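Chain residues, written in single-letter form:
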Amino acid sequence: MTDPLVRAIAVTKSFGHNKVLNGVDFEVRPGEVSCIIGPSGSGKSTFLRCINALETVDGGGLEVAGAQVGYTLEGESYRPWRDRDFAKFRAGIGMVFQRFNLYAHLDAAENVATSLINVARMDKAAARRRAMEELDRVGLADHATKRPHQLSGGQQQRVAIARALAMDPTLMLFDEPTSALDPELVEEVLESMKALALGGMTMVVVTHEIGFAREVGDTLSFFDAGTIIESGPPASVLSDASSPRTRAFLDKVL
Amino acid sequence: MTASHRRTAPILGADGSETPITPRWHLGRWIVGTLAVLVVVWLATAIIFNENIRWNRVFDYLFSPRILDGVVVTIWMSVLATVIGLSLGVVLAVMKLAKNPVLQWIAAGYIWFFRGTPVLVQLIFWYNLAFLFPYLTLQVPFTQIGVQWDTNQVMTSFMAALLGLGLNLAAYFAETVRAGIQAVDRGQTEAALAGGMTHMQTMRIIVLPQALRIIIPPTGNEFISMLKTTSLVVVVAGSDLMTNASQIYKQNNLIIELLIVASLWYMLLTAVATYFQSKLERRFGSDAVRLVRGPGFVQKFLRNGQQAQTATESIATNSEKATTR
């Protein structure tokens, strides 16, 4: 079996006195789609944000591609990363947010091209071409010159996916990508994500879309009160969840 | 607004009958309006027909070369001091939000000092810098390589004015910029960091361009205010509009006349600046705020607000047309 791309060992995290993550053990192997479900406030989004170091971890260990997130081993001890180490690390991980977070002052193509130009140091014409390719892949080439506020929520989220993919990430993180969308716009975003999963992308998806998890996910983890209390192939977690807490949640959302 | 929008179409009854509306005379409004006009006219005549004001001299001086020179200096001084203030204000705001506590303290100290001392004091201080440092020296440490200037030659009244007004504005403007930066949605920063940008890049490429749109309308106010604040330069003989006017009236004692001349010019400059400011606001104002906010409630709220605003505007223009007819 290949080494995991993401490996969390007893990860803990607090906001003040509030313990958000309480010993999370988690693994994703390359090419896997790992879905995370659970009630709001259970720490699933916080955990996702720890993976690309938007949040820091207080205890335990978190490795991405074999390297400790936020620290470099120097001799006998770990040394914290500098700003540019974080930037370099995050450049290889795509992230899609619940609220899209498209750059409001840039049009769709510029949103996709910005990191290519300023992070990947691509020249402007090449970045623009690449941006158009990525927009075409999510079916939005016609909307390249529109500002975020001129696009529907579903279109904005597809631009956000294109923006993340343009950087050729080895891992994609999705933080409730369809929760802020009107119901009829959810499908177009899920389709883009399915296509990505079929293409072999490693994905960690925090979602409430049980159908997507069942159909596309390789593993499904159930978060509650800062830990994963159930994990396994989606079909088995969904049909015969062992913990009553998981079953109560699934009864509500299914 | 709505009161002046008067319905003219008759009222339709259930049986198809049409009953016209007889307009109502608002007697209270007429009385108050008439009284107000009387007071204004009385004040205006008291000034215009005051025999102590020699209006012909006002018009003599209105376009005299010295006054016009002063106007040019005032415009230049306002523009340059505003540019200095705005640029330094942005730097201070970024410093105040920086992670490095030393930078935060320096920015906070600067703002405290320049907001805590009167601008008049600062102007006089800069003008008299030579008492403190007779020579200004730029030198590579431990060598003889460097340049030196005589402070009195560098610190002309114009330079003192620019420094005094610009550095002072920077302290005030830093707070505006900081508010603008903090008004940019946190999600924008997160997206930029997630996209592999450093904190500096995030600030420069994503946050500042959006924050600047928010703070453009207040910059118009700062400039208009600066136009008139330049008159303080009179204490260092800055050869601006106010200085030149005061030098003329000190010779011929036509104090009120020359104050009127200066005031007319300040009013004209302010009117021009206000015109450009309203253009700027229309270009960047509410639209920019909507742009940088996340979608959802705020966006919807602002969009509705905008529609309501345009609706009242069209009503207003309609009623204006109605009254001119």
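This structure is a prediction, so every number in the text was calculated from the model and none was measured.

Engineer: I'd like to hear about the overall build of chain B, residue by residue, with values.
Structural biologist: Helix and strand content of chain B: 12 helices and 4 strands. Of all 325 residues assigned to chain B, the portion counted as buried reaches 36%. The long-range share in chain B, meaning contacts at least 24 apart out of those at least 6 apart in sequence, stands at 68%. Accessible area of chain B: about 19,900 Å², with a carbon and sulfur share of 67%.

Engineer: With reference to specific residues and values, describe the packing of aromatic side chains.
Structural biologist: Residues and elements named next belong to chain A. Under the defined criterion, the tally for this structure stands at 12 aromatic pairs over all chains. Relative to Phe-249, the ring of Phe-222 has its centre 5.2 Å away and its plane inclined at 55 degrees; by these criteria the two rings are tilted. With a gap of 27 residues between them, Phe-222 in strand β11 (residues 219-224) and Phe-249 in helix α9 (residues 244-253) connect regions that are remote in the sequence. Phe-249 matches Phe-222 in its accessibility class, with the two residues each being buried. Ring pairing ties together the aromatic residues Phe-26, Phe-47 and Phe-223, which thus form one cluster. Between Arg-163 and the ring centre of Tyr-103, over which it is positioned, the NZ or CZ distance is 4.5 Å.

Engineer: An account of the pattern of salt bridges is requested, with residue identities and associated values reported.
Structural biologist: Throughout the structure, instances matching the rule amount to 21 salt bridges over all chains. Note that Lys44(A) is salt-bridged to Glu176(A), the shortest N-O span being 3.7 Å. Remark: Glu176(A) occurs in the loop between β9 (171-175) and α6 (183-198) and Lys44(A) occurs in helix α1 (residues 44-51); sequence separation between them is 132 residues. For the pair Lys44(A) and Glu176(A), a shared accessibility class is recorded, and that class is buried. Among the ionic pairs, Glu190(B) bridges to Arg186(B), the shortest N-O distance being 3.9 Å. Placement of the pair is Glu190(B) and Arg186(B) together in helix α8 (residues 186-194), with a separation of 4 residues, close to one helical turn. Residue classification places Glu190(B) among the buried residues on the basis of a relative accessible area of 11%.

Engineer: Kindly report on the interface of chain B and chain A, identifying the contributing residues and their values.
Structural biologist: On the side of chain A, 27 residues touch chain B, which itself brings 26 residues to the contact. Carbon and sulfur atoms supply 54% of the area that chain B and chain A bury against each other, a total of about 2,100 Å² over both sides. A salt bridge links Glu190(B) to Arg49(A); the shortest N-O distance between them is 2.7 Å. Here chain B and chain A share 11 residue pairs in polar contact (both at pLDDT 80 or more) between them. Of all the secondary-structure elements, those providing two or more residues to the side of chain B that touches chain A are α8, α9 (199-229), α11 (255-292) and α12 (297-324) of chain B.

Engineer: Break down the nonpolar core for me, with residues and values.
Structural biologist: Looking at soluble globular proteins, one finds that nonpolar side chains tend to be buried together. Residues and elements named next belong to chain A. In this structure, Phe-26, Phe-47 and Val-204 are the most contacted members of the largest nonpolar core, which totals 39 residues. Ignoring sequence-local partners within four residues, the contact set of Val-204 consists of Phe-26, Val-28, Ser-34, Ile-36, Leu-48, Ile-51, Leu-171, Met-172, Leu-173 and Phe-174. Counting residues in each nonpolar core, the second largest holds 32 residues, with Cys-35, Leu-181, Leu-196 and Met-203 among its members.

Engineer: Would you mind going over the UniProt feature "domain: ABC transporter" (unreviewed entry) in chain A in detail, with residue names and values included?
Structural biologist: Within the UniProt annotation, "domain: ABC transporter" (unreviewed entry) is assigned to residues 6-250 of chain A. Annotated as residues 6-250 of chain A, this span is 37% helix and 27% strand, and its ends, taken at the C-alpha atoms, are 26 Å apart.

Engineer: Describe the packing of helix α3 (residues 65-96) of chain B against helix α7 (residues 157-183) of chain B, and please don't skip the residues or the numbers.
Structural biologist: All names here are of chain B. Two elements in contact, α3 and α7, have axes separated by 5 Å at closest approach and are oriented at 45 degrees. Judged on the interaxial angle alone, α7 and α3 are oblique. With respect to the hand of their crossing, α3 and α7 are arranged in right-handed fashion. Its residues placed into classes, the contact of α3 with α7 shows 24 nonpolar, 4 polar and 3 charged.

Engineer: If you had to explain unusual backbone geometry to someone new, which residues and values would you point to?
Structural biologist: Negative phi values dominate among residues other than glycine, just as trans dominates among peptide bonds. Residue and element names in this part refer to chain A. Residue Ala-65 is not a glycine yet carries a positive backbone phi of 55 degrees. Structurally, Ala-65 is set in the loop between β4 (59-64) and β5 (67-68). In this structure, Phe-100 takes a positive phi of about 65 degrees despite not being glycine. Assignment of secondary structure puts Phe-100 in the loop between β8 (93-96) and α3 (108-118).

About the thresholds
- Residues numbered from 1 in each chain as written.
- Chains lettered and ligands numbered in written order.
- Predicted model: local features only at pLDDT ≥ 70, side-chain atom pairs only at ≥ 80, totals over all residues.
- Heavy atoms only, no water.
- Helix = DSSP H or I, 4+ residues; strand = E, 2+ residues; numbered from the N terminus.
- Buried < 20%, exposed > 50% of the residue type's maximum accessible area, 1.4 Å probe, protein only.
- Contact = heavy atoms within 4.5 Å.
- Areas by Shrake-Rupley, 256 points an atom, 1.4 Å probe, with all protein chains shown as cover.
- Phe/Tyr/Trp six-rings, centres within 6.5 Å; stacked < 30°, edge-to-face > 60°.
- Lys NZ or Arg CZ within 6 Å of the ring centre and 35° of its normal.
- Salt bridge = Lys/Arg side-chain N within 4 Å of Asp/Glu carboxyl O.
- Buried area = accessible area lost by both parts, 1.4 Å probe.
- Polar contact = N/O pair within 3.5 Å; in protein donor to acceptor, adjacent residues only side chain to side chain.
- Core = buried A, V, L, I, M, F, W, Y, C linked by side-chain atoms within 4.5 Å.
- UniProt positions renumbered as here; feature names shortened; annotations may be inferred.
- Axes fitted to C-alpha atoms, helices over the stretch in contact; angles between N-to-C directions.
- Parallel < 35°, antiparallel > 145°, perpendicular 65-115°, else oblique.
- Left-handed = near helix turned anticlockwise from the far one by under 90°.
- Nonpolar A, V, L, I, M, F, W, Y, C, P; charged D, E, K, R; others polar.

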